[in-house]
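# Descriptive analysis of the structure
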Amino acid sequence: GSLTSRAEADRESWREALLAQHQRLAELRSQLESVARLNGKLAHLTSLVEPKADERPAGSAGVVEGGFGDEVRLSRQLAATTRALMEEVAFQEGRQRLLASIMRERSLEIAAKPSLWPVRGTMNSDFGYRFMGRSRDFHNGVDIGTPVGTPVVAPADGTVSFVGYESGYGLMVVVEHRNGISTAYAHLRSADVAPGEEVKRGTRIAHSGMSGRTTGSHLHYEVRLNGQPVDPLNYMLN
């Protein structure tokens, strides 16, 4: 009698252990699916193409009716499956940390590039040489026609390095960005920032005007790379 009752107790404890392992497997599968799904989105956003990770067999064993030996074998199978799933979760979590760091770096790069239009308007004059009668001069930026008082926004994150009057340019603001890039805004009516001020992409920094040497209301906008003027249209997205 006591041997039979002990065997029954052993079987019951194994059953409880198996059910606990099943529960753990279900939780791991759910965790793995959500992590892998998010990783797929992050990989797409970062344009990170990776070789497909080796898929570890997850198994789908169920609690079977049968002798004690069957339950021991099933328990080992479930334990091995649980270990495989835990390894896969750890792998996917490591991959997620890598993808998240790439996303942060990319977002910093994007925020630091002057890709927004500082104002919306008609492009009156392009970058490069332009002919004025018989003479020609080099235009260091682009002229965007816009009414006096139009808000001017920072096209990227940066730090204001200059606010003041320059000959010909009138009231001018210069913003320093990352990677040797700076932007300049001229013929302003007013400036809403001060030197040393941090500005975020899309925040207002000035209002357009007609100060300096100009024949009409417009924003003169320059992008400089290591101090040298470059074509702003190479950076400005539509």
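Described below are features of the structure shown in this document. Note that the structure is a prediction, hence the values are computed from the model and not measured.

Rules used in this analysis
Residues numbered from 1 in each chain as written. Predicted model: local features only at pLDDT ≥ 70, side-chain atom pairs only at ≥ 80, totals over all residues. Heavy atoms only, no water. Helix = DSSP H or I, 4+ residues; strand = E, 2+ residues; numbered from the N terminus. Buried < 20%, exposed > 50% of the residue type's maximum accessible area, 1.4 Å probe, protein only. Core = buried A, V, L, I, M, F, W, Y, C linked by side-chain atoms within 4.5 Å. Contact = heavy atoms within 4.5 Å. Polar contact = N/O pair within 3.5 Å; in protein donor to acceptor, adjacent residues only side chain to side chain.

## Quick notes on the environment of A36
Within the element layout of this structure, A36 appears in helix α1 (residues 2-45). On the basis of relative accessibility, which here comes to 31%, the residue A36 falls in the partly exposed class. Along the chain, A36 and E93 lie 57 residues apart, while their C-alpha atoms are 8.5 Å from each other.

## Thoughts on the nonpolar core
If you look at the biggest cluster of nonpolar residues, it comprises 21 residues, and the most contacted ones within it are V152, V173, Y185, L188 and I205. Within the residue set of this core, elements represented by two or more residues are β4 (142-145), β7 (170-176), β8 (181-191), β10 (204-208) and β11 (218-225). Setting aside anything within four residues of it in sequence, one finds V152 in contact with P118, V119, Y185, L188, T203, R204, I205, A206, H207, S208 and L219. With 8 residues, the next largest nonpolar core counts L18, L28, L74 and V89 among its residues.

## Quick word on the side chain of S208
Tracing the chain through its elements places S208 in strand β10. Within polar-contact distance, the side chain of S208 engages the backbone oxygen of P147 at 2.9 Å. When residues no more than four places from it in sequence are discounted, the contact partners of S208 are T146, P147, V148, G149, T150, V152, H187, L188 and R189.

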